[in-house]
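# Examining the three-dimensional arrangement
If you want the building blocks of each chain, they are given just below.
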Amino acid sequence: MPLQTWFPEALAGDLVVLRRHAPENLEAFRRWYGDPEVARLTRYQDGPMRADEIDRFFTARVIGLDSLALAVHVKETNRLIGSCAFSQLDGDNGSGLFHITIGEKDCWGQGYGTEATRLMLDHAFGALGLHRVSLTVFAFNERAIRSYRKVGFTVEGHAREAIFREGQYWDEIAMSILEPEWRAIRERRGPIELPTAEPAIEPTTAAPGRRPARARRAVDTSIRATGT
Ligand SMILES: CC(C)(COP(=O)(O)OP(=O)(O)OC[C@H]1O[C@@H](n2cnc3c(N)ncnc32)[C@H](O)[C@@H]1OP(=O)(O)O)[C@@H](O)C(=O)NCCC(=O)NCCS
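This report concerns the structure included in the present document. Since this is a predicted model, take the numbers as computed values, not measurements. (Residues numbered from 1 in each chain as written. Predicted model: local features only at pLDDT ≥ 70, side-chain atom pairs only at ≥ 80, totals over all residues.)

## Examining the site of the ligand
- Ile102, Gly113, Thr114, Ala144 and Arg146 are the nearest of the 22 residues found near the ligand.
- For the shell around the ligand, the secondary structure elements donating two or more residues are helix 2 (36–42), strand 6 (95–102), helix 4 (112–127) and helix 5 (142–151).
- Examining the composition of the shell around the ligand, we find that six residues originate from one element, helix 5, more than from any other.
- When its residues are assigned to classes, the shell around the ligand shows eight nonpolar, ten polar and four charged. (Near = placed C-beta within 6 Å. Helix = DSSP H or I, 4+ residues; strand = E, 2+ residues; numbered from the N terminus. Nonpolar A, V, L, I, M, F, W, Y, C, P; charged D, E, K, R; others polar.)

The structure is reproduced here in C-alpha cells:
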C-alpha cells in the first residue's frame, strides 16, 4: 500500500505526473491565463487575465500551502502543461471544488487532463477522505464535460444562462461525484491502488472507509483554500 499524504510532492499516473508548483511556474501561468482561448473556457469575465491578476492568483491560490494546487507534467518529458486544484475544501462536510486548466493548447484532447482529474479524485477520496467533489463548467466546453463524465462526474444542475459569451447566453453546469460512485468505478478497474505519492506533509497510511473526521483534520491543519 503506497504512502499517502494530505499534500503530496507528486502523484504519478501513466501519462502525467502531478507535482507541487515551483515559483518559476509563474511564467507559464502568465502565458496560459493571458491567452484569450484559455480565458474563454475558464473565466467568468470575458477576456484574459491581466498580468497583475495572474501574479496575485498564483501567489494566493497556487503556490501557497493553504491551497491544494498541483502542476500537471507530461510523464515522459516532464513538460509543464497545466495546473489542477481543490478549493473550498470543507472538512465538516467532506467536500471540495475541483479546477483544472491544461494551459498548453497543443496538449488538449490527448487525455492528459482526464488522467490528471482521475489522479486528483483518487487523492480526494482515497487520501483526503472527502465525500463529495464538485465543479462547474460552461455549457459550451464540450471537451471538459466529456472528460468529467469519463471520470465519473454527474450533472446535478444548470445555472441557466449564467455566462454571456460570443453574443449569446450559456448555462453554467454543476457536476459532482460522490465517494461511493468513485469507489464503484475504481473497483470495476480492479483492486484499488492509489497513485504513488511522495510524502511532503503529515504522512499517513491509506485505508479504505475514511470518514469525514479525517478530511476535517486534513483541511484544518494545512490545506484550507478560499474562493474559486
Ligand atoms: C478540459 C480538459 C481538462 C480536458 O482534458 P483533456 O485531456 O484535454 O481531455 P481528453 O483528451 O481526455 O478529451 C476528453 C473528451 O473530449 C473529446 N474532445 C477532444 N477535443 C474536443 C473538442 N474540441 N470538442 C469536443 N470534444 C472534444 C475527446 O475525444 C474525449 O472524449 P472521448 O474520450 O469520448 O473521445 C483540458 O482540455 C483543458 O484543461 N482545457 C482547457 C481549460 C479548460 O477547459 N478547463 C476546464 C474548465 S471547467
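## Topic: the pairing of strand 4 (residues 68–74)
- Burial of strand 4 is extensive: six of the seven residues sit out of reach of the surface.
- Direction of pairing for strand 3 (residues 16–20) relative to strand 4: antiparallel, over a ladder of five bridges. By the bridge assignment for strand 4, Val16 is matched with Val74.
- Two elements, strand 4 and strand 5 (residues 80–90), share six bridges in a ladder whose sense is antiparallel. (Buried ≥ 20, exposed ≤ 12 C-beta atoms within 10 Å, placed from the backbone. Pairing = 2+ DSSP bridges.)

## Considerations on the pairing of strand 5
- Counting buried residues along strand 5, eight of its eleven residues qualify, which places the element largely inside the surrounding structure.
- Linking strand 4 back to strand 5 in an antiparallel pair, the connection comprises five residues, with Asn78 at a positive phi of about 70°.
- Judged from the seven bridges that link them, strand 5 and strand 6 form a sheet pairing that is antiparallel. In the strand pairing of strand 6, Ala85 is matched with His99.
- Hairpin geometry of strand 5 and strand 6 is characterised by an intervening segment of four residues between the two adjacent antiparallel strands and by a positive phi of about 65° at Gly94.

## Side note on the nonpolar core
- Counting 42 residues, the largest nonpolar core has Leu18, Val72, Cys84, Ala116, Leu121 and Ala124 as the members making the most contacts within it.
- Only strand 3, strand 4, strand 5, strand 6, helix 4, strand 7 (132–138), helix 5 and strand 9 (168–178) provide two or more residues apiece to this core.
- The dominant element in this core, judged by the number of residues it contributes, is helix 4, at eight residues.
- Those residues in contact with Val72, other than ones at most four positions away along the chain, are Val16, Leu18, Ile81, Gly82, Ser83, Cys84, Ile102, Tyr112 and Ala116. (Core = buried A, V, L, I, M, F, W, Y, C linked by C-beta atoms within 7 Å. Contact = placed C-beta atoms within 7 Å.)

## Focus: the packing of helix 4 against helix 5
- Look at helix 4 against helix 5: their axes get within 9 Å of each other, and the N-to-C directions meet at 40°. Classified by the interaxial angle, the pair formed by helix 4 and helix 5 is oblique. The chirality of how helix 4 crosses helix 5 is right-handed. Here Gly113, Thr114, Thr117, Arg118 and Leu121 of helix 4 come into contact with helix 5, specifically with Ser147, Tyr148, Lys150 and Val151.
- Taken together, the residues of the contact of helix 4 with helix 5 sort by class into three nonpolar, four polar and two charged. (Axes fitted to C-alpha atoms, helices over the stretch in contact; angles between N-to-C directions. Parallel < 35°, antiparallel > 145°, perpendicular 65-115°, else oblique. Left-handed = near helix turned anticlockwise from the far one by under 90°.)

## Concerning helix 1 (residues 26–33)
- Inspection of helix 1 places Phe29, Trp32 and Tyr33 among the buried residues, and these make up the whole buried set. On an axial view of helix 1, the arc spanned by its buried residues comes to 80°, and they lie on one face.
- Tucked into the core, helix 1 has its buried residues touching helix 2, helix 3 (51–62) and strand 6. (Arc of directions from axis to C-beta.)

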